[in-house]
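Examination of the molecular architecture
Chain by chain, the residues:
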Amino acid sequence: MDNIPFLDLVTPHMELRDELVKVFEGALATAGFIGGPSVSGFEAEFAEYCQAKHCVGVGSGTDALRFAFMAAGIGPGDAVVTVPHTFIATTEAISQSGARPVFVDIDEATYNIDPAGLRRYLEEKCQENSGRLIDQRTGLRVSAIVPVHLYGQTADMDPILEVAGEFGLQVFEDSCQAHGAQYFSRKENRWRTAGSMGRAAAFSFYPGKNLGACGEAGAITTDDEELAQKMRMIRDHGQRQKYYHQVEGYNGRLDSIQAGILRVKLRRLPEWTAGRQEAARRYRELLSDAGPAVTLPVEPEWARAVYHLYVIRIAERDQLMKHLGASGIGTGIHYPIPLHLQDAYREFGYAEGDFPVTERVAREIVSLPMFPGLTAEQQERVAAGVKTFAAASAGAGSPA
Ligand SMILES: Cc1ncc(COP(=O)(O)O)c(C=O)c1O
């Protein structure tokens, strides 16, 4: 029997081969490798897709977060609130802007920031001092919140935006895994798109993302024209006009070939997203009788997830991965070590037990194969593997 990969990146590229080759040929024929109409064209199309006024193409999702923070004036002396259950790029970007990440635990059902925990942190662990909100632990001024729309499902933005408004904090969406994810705002009584709700939002086009480049790429969306202009300057060595540098910036531009590739793929994204959503629906159905040991993803009525990842929870996670691996089924863990327990952040002085939900979740999650072309037959094999394992481990014996 054929193996079932965790992610199939080859098939969609082979399907688009001719269109992608044309992008390369066009760039070679004009030697237009940096900037130009393919970058501005992609920016306009992606802004529209996200229902945002502006899009600034950059070199990666990490650049996107970092440039947004810097343009918004976040830097030394600032604390930025996020979750320990995310990819380290979220906190790298905070640190590299000069600020310091502080953590709030996640909600056990959705794996995204817990809005009640966020409010508790701001009310109980911070204190107002001369109009500034000070994190008591670090003595730093709390200036922003970064909800991460993990696995392709938005955080619950209404209460986050509400508490941010109350405490005068900026909100930046880490939308790196959530291209096109929808959120129903009960407050505004309308569906909103990931990337249109905060002051700015960061997207990654790393090849494995729902919209992926053939290399590194990222983008920032925002409705704030002035912020967009600052981010354009920061991505291009701090210049608006060649060799007139208003600030020190970065070499962080989106290149024209990647932009051209992203334009081709953006046209396919709605269809790919529908494929992921259909695959998630099938998993839900196939695994509905997997028993109490297996927890499936929860999609609240206010969310329409785009299933960048399909993550289940089971106590004997490592054994399940081995069991599936023995049948040629690829799996992953996103993410095995919470950020507050990473060696890189030892200096922050966090300890085991500080964020118990994140810690529990990190021990038990496993990501099943998920990509647009995943077939019903492949999913039946994955589900059968999960169910055989769950049944065997619920009984006394070891799984077959
Ligand atoms: C949640 C999250 N934030 C940030 C990033 C950083 O994106 P990139 O790898 O494009 O720098 C990623 C992806 O890798 C991510 O998954």
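How each quantity is defined
- Every residue gets a number counted from 1 within its own chain, in the order that chain's sequence is written.
- The predicted nature of this model means local features are confined to residues of pLDDT at least 70 and side-chain atom pairs, given and counted, to a pLDDT of 80 or more, with totals for whole chains, interfaces and linings taken over all residues.
- Just so you know, side-chain values use all the structure's heavy atoms and leave hydrogens and water out.
- As annotated, the domain borders come from an automatic or database domain assignment.
- Whether two residues touch is decided by their heavy atoms; if any such pair falls within 4.5 Å, the residues are in contact.
- As used here, buried area is the combined drop in accessible area, with a 1.4 Å probe, of two parts when they are placed together.
- We define a salt bridge as a side-chain nitrogen of Lys or Arg found within 4 Å of a carboxyl oxygen belonging to Asp or Glu.
- Polar contact is defined as a pair of N or O atoms within 3.5 Å, subject to the rule that within protein one atom must be able to donate a hydrogen and the other to accept it, and that residues adjacent in sequence are counted only when both atoms are side-chain atoms.
- Helix and strand assignments follow DSSP, with helices taken as H or I runs no shorter than four residues and strands as E runs no shorter than two, numbered in order from the N terminus.
- Put simply, Ala, Val, Leu, Ile, Met, Phe, Trp, Tyr, Cys and Pro go in the nonpolar bin, Asp, Glu, Lys and Arg in the charged bin, and everything else, Gly too, in the polar bin.
- What makes a residue near a molecule or strand is one non-hydrogen atom of that residue sitting within 4 Å of it.
- The method behind every accessible area is Shrake-Rupley, applied with a 1.4 Å probe, and residues are considered shielded solely by the protein chains displayed.
- Note on classification: 1.4 Å probe, protein chains only; a residue is buried when its accessible area is under 20% of the maximum for its type, exposed when over 50%, partly exposed between these limits.
- A fitted line through C-alpha atoms represents every axis, and for helices the fit uses only the stretch in contact; the resulting angles, taken between N-to-C directions, go from 0 to 180 degrees.
- Any angle that falls under 35 degrees is termed roughly parallel, while one over 145 is termed roughly antiparallel, one within 65 to 115 roughly perpendicular, and all others oblique.
- Note: crossing handedness is left-handed where the near helix turns anticlockwise from the far helix by less than a right angle, and right-handed where it turns clockwise.

Some points on the domain arrangement of the protein
Quite often, the size of an interface is put as the accessible area lost when its parts meet. What the domain assignment reports for the protein is domain 1 (10-266) and domain 2 (269-394). The straight-line distance from the C-alpha centre of domain 1 to that of domain 2 is 25 Å. Facing 48 residues of domain 1, the contacting portion of domain 2 comprises 36 residues. Together, the buried faces of domain 1 and domain 2 total about 3800 Å²; carbon and sulfur atoms form 59% of this surface. Linking domain 1 with domain 2 are two salt bridges. Across the salt bridge formed by Arg313 and Glu108, the nearest N and O atoms sit 3.0 Å from each other. For the pair domain 1 and domain 2, the number of links is 21 residue pairs in polar contact (both at pLDDT 80 or more). Elements represented by at least two residues in the side of domain 1 that touches domain 2 include exactly helix 5 (89-96), strand 3 (100-103), strand 8 (182-185) and helix 9 (256-266). For the side of domain 1 that touches domain 2, the leading source of residues is strand 3, giving four residues. Tallied by class, the residues present in the side of domain 1 that touches domain 2 amount to 24 nonpolar, 14 polar and ten charged.

Observations regarding the site of the ligand
Near the ligand there are 14 residues, and of these Gly61, Thr62, Asp174, Ser204 and Lys209 occur at the shortest range. A distance of 2.4 Å separates an oxygen atom of the ligand from a polar side-chain atom of Thr62. Residue Lys209 places a side-chain N or O atom 3.0 Å away from an oxygen atom belonging to the ligand. Within the complex, the protein chains bury 93% of what would otherwise be the 380 Å² of accessible surface of the ligand. For the shell around the ligand, the secondary structure elements donating two or more residues are helix 4 (61-71) and helix 5. For the shell around the ligand, the per-class residue count stands at five nonpolar, seven polar and two charged.

Examining unusual backbone geometry
For the bond from His334 to Tyr335, the omega torsion is 15°, close enough to zero to count as cis. Among the secondary structure elements, Tyr335 is positioned in the loop between helix 11 (317-326) and helix 12 (356-364). With phi around 50°, Ser130 is a residue other than glycine that occupies positive phi space. Examined against the element boundaries, Ser130 turns out to sit in the loop between strand 4 (126-129) and strand 5 (132-135). Since its relative accessible area comes to 69%, Ser130 is described here as exposed.

Side note on the side chain of Ser367
As for its placement among the helices and strands, Ser367 is situated in strand 16 (residues 365-368). Residue classification places Ser367 among the buried residues on the basis of a relative accessible area of 1%. A polar contact of 2.7 Å, which involves the side chain of Ser367, links it to the side chain of His334.

Focus on the pattern of salt bridges
Counted according to the given criterion, the structure contains 26 salt bridges. Across the salt bridge formed by Arg267 and Glu19, the nearest N and O atoms sit 3.6 Å from each other. You can see Arg267 sitting in the loop between helix 9 and helix 10 (269-286) and its partner Glu19 sitting in helix 2 (residues 17-30), a full 248 residues away along the chain. By relative accessible area, Glu19 is classed as partly exposed at 34%. A salt bridge links Arg313 to Glu364; its shortest N-O distance comes to 3.0 Å. Of this pair, Arg313 sits in strand 15 (residues 310-313) while Glu364 is found in helix 12, placing the two residues 51 residues apart along the sequence. Overall, Arg313 belongs to the buried group, its relative accessible area being 9%. Glu364 sits in the partly exposed class, given a relative accessible area of 21%.

Overview of the packing of helix 11 against helix 13 (residues 376-394)
Helix-helix packing is characterised by the crossing angle of the two axes and by the distance between the axes. Interaxial distance between helix 11 and helix 13 falls to 10 Å at its minimum, and their mutual angle equals 130°. When the interaxial angle is binned, helix 11 and helix 13 end up oblique. Every pair of crossing elements has a handedness; the one defined by helix 11 and helix 13 is right-handed. In this structure, helix 11 uses Gln319, Leu320, His323 and Leu324 to contact helix 13, whose residues at the interface are Val382, Gly385, Val386, Thr388 and Phe389. Along the lines of polarity and charge, the residues of the contact of helix 11 with helix 13 split into five nonpolar, four polar and no charged.

Some remarks on the side chain of Asn112
Looking at the secondary structure, you find Asn112 in the loop between strand 3 and helix 6 (115-124). Engagement of the side chain of Asn112 in a polar contact is seen with the backbone nitrogen of Leu150, the distance being 3.0 Å.

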